[in-house]
Amino acid sequence: MMDAAHPLAGTAAELVWLVPLLPFLGFVVNGLLSLSSAYLPGPLDPSSDPTAGHSGHTGEFASVQMTHHGHRHRWEPLVTILGPAVVIASFLVSAAIAWAMLRTGADTPFVQTYGTWMPAGNLKVEWAFQVDRLSMVMVLIITGIGSLIHLFSVGYMREDPGYPRFFAYLNLFVVFMLALVLGANYPVIFVGWEGVGLCSYLLIGFWFSDQANADAGKKAFIVNRVGDFGFLIAMFLMWSNVGALDFAGVAAKASQLPAGGAMITAICLFLFLGCAGKSAQMPLYIWLPDAMAGPTPVSALIHAATMVTAGVYLIARSSFLFALAPAASLTVVIVGGITAFFAATIGLKQWDIKKVLAYSTVSQLGYMFVGVGAGAFTAGVFHLVTHAFFKALLFLGAGSVIHAMHEAYHEGHAHHDDAQDMRNMGGLRKAMPFTWAFMWIATLAIAGIPPFSGFFSKDEILGTLFARAHDSPLASATWLGIPGSTILTAIYGLGLVTALLTAIYMTRMMIYTFHGENRSDAKATPHLREAPWIMTGPLAVLAVLSLSGGWLNIPALVAERFPVGTAELLHHWLEPVVGQATAALGGEGHLPASTEEALILVAVGVAIAGIAGAVLFLKPARLTRAAAAPPERGVAWVLANKYFVDEFLNKGLIQPVVRVSRAVLWRGIDVGLIDGLMVNGSATFARGVAWVGSRVQSGLVGNYAWAIVLGVLVLVGMMTIR
Amino acid sequence: MMPLDLSIPAQLTTAYLPDLVVMGGGMLLLLWAVWRPESEAHSRSVAWIAMGVCLAGIAAVLWSWNRGLTAGNGAIAVDAFRWVTDLVILLGMLMTLAISVDFNQRMRLLAPEMHVLVVLAGSGMMLLTAARDLMVLFLGVELMSVSVYVLAGIDRRSSRGAESSLKYFLLGAFSSAFLLYGIALVYGATGSTNLVTIGEAMSTPAVSGSPMMMVGLALLLVGFAFKVAAAPFHMWTPDVYDGAPAPYSGLMACAVKTASFAALVRVCLEAVGTGSERWHLALWWLAAATMVVGNLFAIQQRNVKRMLSYSSIGHAGFLLVAVTAQTTEGAAAIAFYLVAYTLATLGAFAVVVAMNGGSDGVTHVDEYAGLWTVRPGLAMAMAVYMLALLGFPLVGGMGFFAKWYVLQAALHASAPQTRLAIILVLTTVVSAGFYLYLVMVMFMRPRPEGLAPPPPATGLTRLVIATSVVLILAFGLYPSPAVKVAQRSAAASFAPAAPRPTASAVAP
């Protein structure tokens with residue numbers, strides 16, 4: 001319903017439909033352009049690649065650029081302009097809307113309805129967008145970071161034969177992601193939710209003619225179905241018990257359910273199952289590391305900055321529900337905390353530069369869930385924002401490194417080793433000084449060193465967690481009989497350990513990649529060089545954001561001591577959206593300043609200790625090239641193999657399911673019962689009847705006339721005989 | 001709102017305006033058609049003008065609708081349901097004319113009169129949708145039928161066409177006799193041929209219980225059942241559709257059926273009302289038998305045109321379910337269904353036309369094997385039509401919603417037609433057996449060696465195929481505007497029926 005009295009009426013906010021429409025037009029045009037080359041052989045088609053035989057050469061680009069170097073798509077110039085331009089235009093519209101919101105100070109949701117989607121009985125779902133302070137934060141991230149990544153992709157993907165297809169998918173992703181965050185009811189969010197899943201699948205398997213990439217796409221899609229099932233069940237429960245699906249309606253009516261009761265808890269837990277799938281939390285995180293099979297800009301946009309944070313957004317959006325279900329909130333905290341720790345330990349021993357970042361993403365998402373679970377919705381969203389800055393930077397930096405490695409191997413006519421394995425890198429600082437500097441900024445940010453952005457957001461999550469553990473409604477709630485305060489304290493401890501691990505594995509990645517001597521092929525080393533400006537430019541912007549993003553929400557404590565600006569901007573900005581829920585879960589209690597100072601000191605100390613430890617103990621000189629590396633042993637072996645979770649799932653879950661499906665469901669029920677008896681049986685019956693029918697259809701007019709007479713007699717009889 | 005007094009000639013003319021535009025256009029077109037000797041270019045120009053007449057008809061309908069014309073109880077109805085069904089008929093005529101241009105060129109059919117006959121048949125159909133008097137109704141039926149009989153046999157070189165035309169004519173004349181006799185008996189029982197007056201008479205037990213009235217209604221129903229091809233009055237359909245030129249088979253399957261259903265709905269809601277248990281019972285059995293016969297017998301067909309004609313019988317059954325509901329909701333469902341059905345069926349016939357290389361042979365399903373590999377566009381379009389006719393959600397577009405609203409109408413009737421709804425769903429499952437079979441053949445069978453690909457479709461045929469696919473899919477994604485128009489027009493045209501007295505005892 002359009003509210004005439006709303007302060008945003010008549011401002012740029014009414015153009016919100018333009019925000020997803022522009023990328024959609026980009027998708028349509030790029031998609032059509034990509035059709036003009038649809039029948040080319042697949043980019044990674046082994047049969048079209050005479051050099052595919054040589055070994056030890058995996059990872060993205062593997063053979064793409066080798067066979068197709070210099071063969072740009074014929075529409076390449078148009079796509080180069082159009083692909084990024086639509087997203088940048090969309091960003092400008094979003095910025096205008098954000099400016100209108102700042103100017104008017106609108107603090108209530110501005111809902112624009114574009115028509116009824118499903119009018120079915122008393123269920124009425126509308127195509128509606130909701131502009132409010134939370135959705136605008138997300139829209140700015142998606143279109144802003146999205147623009148930068150689109151620009152980077154121009155440099156990264158230009159030589160690929162599927163260039164227009166790549167931008168078509170990427171634009172479509174932005175469309176669905178915007179629908180996800182702008183949707184004014186759960187079904188519209190679900191449309192976006194499924195849409196981004198589809199685009200994620202398409203982009204992970206972008207080089208689909210390699211079996212591994214296609215499998216990674218399928219894995220992501222299937223694991224996400226488990227989560228989506230949860231989301232659907234949550235919507236069903238909401239509809240049958242709350243009687244609404246739009247946010248305003250659910251928020252108004254949900255309080256009728258008994259607070260902390262089984263139903264509201266179930267709704268929240270099913271919602272969280274959906275979030276755990278999309279945001280790669282335990283135990284559904286397994287798809288995200290495999291998703292690194294996609295091109296690196298995809299990893300940066302979808303699997304770091306935006307899509308995977310959709311779960312965090314959904315919980316913040318549903319804060320009014322989680323406020324009523326402390327047990328569900330505690331579950332979120334526990335799962336988030338354990339995921340953060342678990343993924344960080346795996347990240348310690350990965351050699352693939354993108355895998356390190358993938359596990360790091362899983363771990364940081366865990367932090368965000370700890371934040372929103374503990375009712376610190378602002379802190380969770382804040383970490384989402386800063387993480388989008390520095391993790392996009394890290395991924396794009398890694399992409400720039402991989403690009404350089406690959407080009408060097410190619411130009412040096414060297415033996416192609418894995419261009420993503422850190423054991424083959426080393427010493428890249430000299431060749432790529434800008435990338436090196438930018439990535440160090442991001443590393444310091446993620447490790448939590450002040451004044452980089454990650455410090456502020458991570459510290460706020462940990463600080464709030466500590467405060468909640470002592471005196472809050474959440475601490476007095478219980479989870480399976482365990483008091484909330486115990487859980488919150490334990491997760492706080494786990495969070496600190498994770499912070500230490502984060503600092504270690506990130507420093508390890510930087511040292512192995514950029515420092516020491518170069519371990520690439522001697523023929524390739526001289527060809528290593530910095531990426532073109534279209535790739536370093538976005539890196540620079542992201543570096544500035546990673547450095548300064550913390551200003552969005554400076555703790556009051558810091559703002560009092562240092563003249564750095566207004567305190568808690570984001571907190572005040574989001575207050576109308578999540579303030580009530582935050583108060584319901586966290587109470588009003590504040591830590592004394594001395595405790596808060598101590599917490600900050602501890603957190604910074606841990607981060608510095610991690611970096612220092614890594615610098616002291618990790619010596620790149622000891623590394624050997626990936627091909628010649630000795631096998632891992634002991635704990636390292638377990639970590640490098642990711643605790644064998646995939647193997648365990650395969651043996652314990654997938655194989656039995658496959659066996660049962662084959663023996664019972666396929667051979668027994670499907671082939672025997674359904675096909676044999678029901679389908680073929682009924683088909684035989686129907687064919688028999690049809691055969692009779694075709695006999696009756698003799699083609700003789702006289703017979704037809706007799707049939708009519710018969711019909712007349714029956715009808716007249718029916719109408720007259722009593 | 002602008003009430004017209006039909007006794008004043010000027011106002012009667014206004015009420016008839018769309019019909020007059022089409023009919024007058026057809027007559028002038030006839031003069032132009034015979035003005036020049038037969039040639040391809042002349043035939044083409046006549047076709048274009050005929051399409052122009054249809055567009056003028058559409059404009060006249062929209063103008064009348066927009067002015068909100070109404071009229072009291074006269075010989076013709078002036079209401080939104082008439083306009084909606086007129087539009088569906090004109091849409092069917094346009095599509096038929098468009099695909100016949102290509103078809104006639106390939107088949108070397110040069111006679112320009114056939115386009116004139118389409119327009120004249122159309123004016124008969126529009127008269128049928130307007131009829132509020134049994135005499136006008138009969139006039140419409142005959143005007144429509146005679147033109148269509150000729151169209152079925154317009155290809156003079158084709159023996160199958162001649163057979164088709166003759167069969168249609170003989171059986172059509174036979175059924176018209178029943179219709180006329182029914183009209184006579186109804187007049188005898190009520191003393192009027194006006195539907196509303198008949199409806200008022202029906203409310204007295206003396207009339208509604210009289211054997212003369214009952215037999216009259218039964219024979220009236222026979223006439224309609226023949227025109228909509230309801231079992232067991234359907235036997236002519238496969239032979240006629242198969243033998244007639246494909247565009248005109250499409251016209252018969254869509255526009256003729258639309259007009260007949262519009263008239264049947266009007267007779268049902270205005271004349272018979274819900275007072276007669278037996279009428280309801282007869283409709284019930286007609287619907288059930290038609291659904292079963294049409295869908296079951298279609299499975300055996302390997303001739304695409306015959307398959308489509310059985311499919312049209314099956315759809316007549318589905319539409320009869322909505323008629324059986326005897327509610328305005330049912331009328332709305334029928335209007336919406338007819339749009340989906342016209343788009344999908346005429347689209348499918350357009351594909352049949354595009355597949356035809358100029359032979360008058362049987363359209364065997366084997367010609368469609370592996371069509372996806374040689375003409376992917378045609379195969380995709382045909383798949384959409386088949387799925388729409390099947391009523392598949394999303395990729396079947398508005399076909400799904402068409403069935404859905406018919407089911408809703410059946411279940412919301414004052415006596416819920418649960419059993420008919422179950423038969424509808426089961427026969428729909430059966431219909432997957434032939435709709436999906438064609439899809440399977442097109443996409444999963446290899447193209448046989450030596451089978452030449454169909455000639456590329458030309459402009460107008462392509463336009464018809466593309467437009468109908470887009471409309472089907474668009475209304476499938478966003479049906480509410482079309483649904484709302486259908487619902488509003490039905491609600492504005494027919495007074496809500498009083499619930500039938502002993503409703504629950506009726507359903508067999």
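To keep things clear, this report deals only with the structure shown in the data block.

How each quantity is defined
- Residues numbered from 1 in each chain as written.
- Chains lettered and ligands numbered in written order.
- Predicted model: local features only at pLDDT ≥ 70, side-chain atom pairs only at ≥ 80, totals over all residues.
- Heavy atoms only, no water.
- Helix = DSSP H or I, 4+ residues; strand = E, 2+ residues; numbered from the N terminus.
- Contact = heavy atoms within 4.5 Å.
- Areas by Shrake-Rupley, 256 points an atom, 1.4 Å probe, with all protein chains shown as cover.
- Buried < 20%, exposed > 50% of the residue type's maximum accessible area, 1.4 Å probe, protein only.
- Expected span 1.5 Å × (residues − 1).
- Phe/Tyr/Trp six-rings, centres within 6.5 Å; stacked < 30°, edge-to-face > 60°.
- Lys NZ or Arg CZ within 6 Å of the ring centre and 35° of its normal.
- Buried area = accessible area lost by both parts, 1.4 Å probe.
- Nonpolar A, V, L, I, M, F, W, Y, C, P; charged D, E, K, R; others polar.
- Axes fitted to C-alpha atoms, helices over the stretch in contact; angles between N-to-C directions.
- Parallel < 35°, antiparallel > 145°, perpendicular 65-115°, else oblique.
- Left-handed = near helix turned anticlockwise from the far one by under 90°.
- Salt bridge = Lys/Arg side-chain N within 4 Å of Asp/Glu carboxyl O.
- Core = buried A, V, L, I, M, F, W, Y, C linked by side-chain atoms within 4.5 Å.

Regarding the overall build of chain B
Step number 1: A count of helical and extended segments in chain B gives 20 helices and two strands.
Step number 2: Across chain B, every contact between residues at least 6 apart in sequence was considered, and the portion connecting residues at least 24 apart equals 82%.
Step number 3: Accessible surface for chain B amounts to roughly 17000 Å². Of this, 71% is attributable to carbon and sulfur atoms.

Topic: the overall build of chain A
Step number 1: Of the regular secondary structure elements, chain A holds 28 helices and four strands.
Step number 2: Contacts spanning at least 24 positions in sequence make up 81% of the contacts within chain A whose residues lie at least 6 apart.

Looking at the side chain of Asp421(A)
All names here are of chain A.
Step number 1: Counting through the fold element by element, Asp421 comes out in the loop between helix H16 (377–411) and helix H17 (428–431).
Step number 2: What makes Asp421 buried here is its relative accessible area of 7%.
Step number 3: When neighbours within four sequence positions are excluded, Asp421 is seen to be in contact with Trp351, Asp352 and Ala626.

What about the side chain of Thr96(B)?
Step number 1: With respect to the helices and strands, the residue Thr96(B) is situated in helix H3 (residues 80–107).
Step number 2: Owing to a relative accessible area of 0%, Thr96(B) belongs among the buried residues under this scheme.

Some words on helix H16 (residues 376–390) of chain B
Residue and element names in this part refer to chain B.
Step number 1: Over its 15 residues, H16 runs 21 Å from end to end, which matches the ideal 21 Å to within 8%, given 1.5 Å per residue.
Step number 2: Within H16 the residues assigned to the buried category are Leu378, Ala379, Ala381, Met382, Ala383, Val384, Tyr385, Met386, Leu387, Ala388, Leu389 and Leu390.
Step number 3: Looking at the buried residues of H16, the elements they touch are helix H13 (304–325), helix H14 (328–355), helix H15 (371–374), helix H17 (398–412), helix H18 (418–444) and helix H19 (459–477).
Step number 4: A positive phi of about 85° marks Gly391, the residue just after H16.

Notes on helix H4 (residues 113–130) of chain B
Step number 1: Given a rise of 1.5 Å per residue, 18 residues ought to cover 26 Å, and the 26 Å separating the end C-alpha atoms of H4(B) matches this to within 8%.
Step number 2: The element H4(B) is largely enclosed, with a buried count of 17 among its 18 residues.

Focus on the packing of aromatic side chains
A ring pair, where both rings are aromatic, is described by two values, the distance of the centres and the angle of the planes.
Step number 1: With the rule as written, the count across this model stands at 34 aromatic pairs over all chains.
Step number 2: Seen in terms of ring centroids, Trp284(B) and Trp285(B) are 5.2 Å apart; in terms of plane orientation they differ by 70°. Their pairing is edge-to-face.
Step number 3: It is Arg429(A) that lies over the ring of Trp436(A); its NZ or CZ is 5.4 Å from the centre.

Some words on the interface of chain B and chain A
Step number 1: Facing 35 residues of chain B, the contacting portion of chain A comprises 27 residues.
Step number 2: Buried surface at the junction of chain B and chain A, summed over both partners, amounts to about 2900 Å²; 75% is from carbon and sulfur atoms.
Step number 3: Counting the surface chain B buries against chain A, the share from its top three residues, Met235(B), Arg278(B) and Gln300(B), is 23%.
Step number 4: Looking at the side of chain B that touches chain A, the elements with two or more residues in it are helix H6 (159–190), helix H9 (211–228), helix H10 (236–243), helix H12 (277–298) and H13 of chain B.
Step number 5: Tallying contributions element by element places H9(B) first for the side of chain B that touches chain A, with nine residues.
Step number 6: Of the residues in the side of chain B that touches chain A, the class split is 27 nonpolar, three polar and five charged.

A short note on the environment of Val29(A)
All names here are of chain A.
Step number 1: Summarising the element assignment, Val29 is placed in helix H1 (residues 18–35).
Step number 2: With a relative accessible area of 34%, Val29 lands in the partly exposed category.
Step number 3: In the structure, Val29 is positioned 53 residues away from Leu82 in sequence and 8.5 Å away in space, judged by C-alpha atoms.

As for unusual backbone geometry
Residues and elements named next belong to chain A.
Step number 1: At the junction of Met282 and Pro283, the peptide bond is cis and its omega measures out at -10° in the coordinates.
Step number 2: Tracing the backbone through its elements, the reader meets Pro283 in the loop between helix H9 (262–278) and helix H10 (287–290).
Step number 3: Cis geometry marks the peptide bond from Pro450 to Pro451; its omega dihedral reads 5°.
Step number 4: Here Ala280, not a glycine, exhibits a phi torsion of approximately 55°, which is positive.
Step number 5: Considering the arrangement of structural elements, one finds Ala280 in the loop between H9 and H10.
Step number 6: Accessibility expressed as a relative area gives 0% for Ala280, which makes it buried.

As for the packing of H3(B) against H4(B)
Residue and element names in this part refer to chain B.
Step number 1: Two numbers describe how H3 lies on H4: the axes approach to 10 Å, and their chain directions differ by 165°. With respect to H4, the element H3 is oriented roughly antiparallel. Along this stretch, H3 crosses H4, giving a crossing that reads as right-handed. On H4, the residues touching Arg82, Thr85, Asp86, Ile89, Leu90, Met93, Leu97, Ser100 and Asn104 of H3 are Met114, His115, Val118, Val119, Gly122, Met125, Met126, Thr129 and Ala130.
Step number 2: Classifying every residue of the contact of H3 with H4 gives 10 nonpolar, six polar and two charged.

A closer look at the pattern of salt bridges
Residues and elements named next belong to chain B.
Step number 1: Scanning the model with the defined rule gives 22 salt bridges over all chains in all.
Step number 2: Linking Asp242 and Arg160 is a salt bridge whose minimum nitrogen-to-oxygen distance equals 3.0 Å. On the criterion of sequence distance, the pair formed by Asp242 in helix H10 and Arg160 in helix H6 is long-range, its members being 82 residues apart.
Step number 3: You can call Arg160 partly exposed: its relative accessible area is 21%.
Step number 4: The network of salt bridges with common partners includes Arg160, Glu163, Lys167, Asp239, Asp242 and Arg306.

Describing the environment of Phe434(B)
All names here are of chain B.
Step number 1: If you trace the backbone, Phe434 turns up in helix H18.
Step number 2: For Phe434, a relative accessible area of 2% translates into the label buried.
Step number 3: Discounting residues that sit within four places of it in the chain, Phe434 has contacts with Asn295, Ala298, Ile299, Met307 and Ser311.

Topic: the nonpolar core
As a rule of thumb, soluble globular proteins bury nonpolar side chains together.
Step number 1: Tyr186(A), Leu321(A) and Met509(A) are the most contacted members of the largest nonpolar core, which has 223 residues in total.
Step number 2: Sort the elements by how many residues they give to this core and H16(A) lands first, with 21 residues.
Step number 3: Sequence-distant contacts of Tyr186(A), defined by excluding residues within four places in its chain, comprise Phe231(A), Met235(A), Met238(A), Leu245(A), Phe247(A), Val250(A), Leu271(A), Leu314(A), Ser318(A), Phe320(A) and Leu321(A).
Step number 4: Among the nonpolar cores identified, the runner-up in size contains 214 residues, and Leu120(B), Val186(B), Ala287(B) and Phe494(B) belong to it.

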